[in-house]
Amino acid sequence: MNTWEMLAVFIAGISAGTINTIVGSGTLITFPVLLATGLPPVTATVSNALGLIPGSISGAIGYRKELQGQRRRVLKLSVGALIGGLTGATLLLKLPSTAFETIVPILVALALALVILQPRISKAVQRRREHTGATARSDGGPLLFVGLMLASVYGGYFTAAQGIIYLSLMGMLLDDTMQRLNAVKNVLAAVVNSIAALFFLFVADFDWTAVVLIAVGSALGGQIGAKIGRRLSPTFLRALIVTVGTAAIVQLVLR
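All values derive from a computational prediction rather than experimental measurement.

Cut-off values and rules
Residues numbered from 1 in each chain as written. Predicted model: local features only at pLDDT ≥ 70, side-chain atom pairs only at ≥ 80, totals over all residues. Heavy atoms only, no water. Core = buried A, V, L, I, M, F, W, Y, C linked by side-chain atoms within 4.5 Å. Buried < 20%, exposed > 50% of the residue type's maximum accessible area, 1.4 Å probe, protein only. Contact = heavy atoms within 4.5 Å. Helix = DSSP H or I, 4+ residues; strand = E, 2+ residues; numbered from the N terminus. Arc of directions from axis to C-beta. Phe/Tyr/Trp six-rings, centres within 6.5 Å; stacked < 30°, edge-to-face > 60°. Axes fitted to C-alpha atoms, helices over the stretch in contact; angles between N-to-C directions. Left-handed = near helix turned anticlockwise from the far one by under 90°. Nonpolar A, V, L, I, M, F, W, Y, C, P; charged D, E, K, R; others polar. Expected span 1.5 Å × (residues − 1).

Caption draft 1: Spatial organisation of the nonpolar core. In terms of nonpolar packing, the biggest core is built from 60 residues, with Leu144, Leu148, Met170, Phe200 and Ile241 touching the most fellow members. Leaving out residues up to four positions away in the same chain, Met170 has contacts with Leu144, Leu148, Leu181, Val184 and Lys185.

The structure is reproduced here in structure tokens:
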């Protein structure tokens, strides 16, 4: 990389770390930039996954207040994220690079629909619980565990819009605030990125320059994103998720 390319990758890392912490889909910023520097798609994907680990951890730390009281939930869901992330990383090296291209925009579109409808769904579920006398499970039950594990398979494979899928599933199946769910999302993303990256270290090619630049940039971005994201109202955060998700769908379709 020349100096300008390195600067572009660094700025992309800051942007990705920021948007990942608030919403997700930061890979849609870093991945095209890495490709523009001449890296092959798989090498760019692996380098991106490695570089985004500090950003995910930084964002999770920035949301530490919202994580209070969620230890049991986070630990259980992290197991599913770990299994899914490792599976996705393995598939990246086994399947052709176009394997997920058709299904991913559909997944993101469904996730956005759930985000938009989440307040109505939550009210309907609450009314049903009141009618039947049932109580909400704090961990979302088997359905959420399996859903997040499958989303993590995709996350280990590519990561773009992974956070949006997480938020849509948790918003539908957990009775909690968007900010607290966003905090859990950041932890799960850190788990997936970390397990995938550890796998890639031993079996895949990556570019150390790109990794370091994105790592430093995303760590800074994670703190910026936490400061901004924690101040957003649930309505604005939901609107931002839909906006970013729509842009992600357009970019994924046009790639």
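Caption draft 2: Expanded view of helix H2 (residues 27-36). Among all positions in H2, only Thr27, Leu28, Thr30, Phe31 and Leu34 are buried. The buried residues of H2 occupy one face: seen down the axis, they fall within an arc of 165°. At the C-terminal side of H2, Gly38 shows a positive phi close to 105°.

Caption draft 3: Inspection of the environment of Leu35 at higher detail. Topologically, Leu35 is positioned in helix H2. Judged by its relative accessible area of 32%, Leu35 is partly exposed. It is 9.3 Å that separates the C-alpha atoms of Leu35 and Thr45, two residues lying 10 residues apart in sequence. Aside from chain neighbours lying at most four places away, what touches Leu35 is Pro40, Pro41 and Ala44.

Caption draft 4: Main features of the packing of aromatic side chains. On inspection of all chains with the given rule, the structure shows 2 aromatic pairs. With a centroid separation of 5.0 Å and an interplanar angle of 85°, the aromatic rings of Phe206 and Trp208 are classed as edge-to-face.

Caption draft 5: Focus on the packing of helix H6 (residues 71-94) against helix H8 (residues 141-157). Relative to each other, H6 and H8 sit at 35°, their axes nearing to 6 Å. Handedness of the crossing formed by H6 with H8: right-handed. Taken together, the residues of the contact of H6 with H8 sort by class into 13 nonpolar, 7 polar and 1 charged.

Caption draft 6: Quick look at H8. The end-to-end C-alpha distance of H8 is 25 Å, a good match for the 24 Å that 17 residues give at a rise of 1.5 Å each. Within H8, 12 of the 17 residues are buried, which leaves the element mostly enclosed by the surrounding structure. Of all the positions in H8, only Gly141, Leu144, Phe145, Gly147, Leu148, Ala151, Ser152, Val153, Tyr154, Gly155, Gly156 and Tyr157 are classed as buried.

Caption draft 7: Inspection of the side chain of Ser58 at higher detail. Residue placement: Ser58 occurs in helix H4 (residues 53-62). Sequence-distant contacts of Ser58, defined by excluding residues within four places in its chain, comprise Ala219, Gly222 and Gln223.

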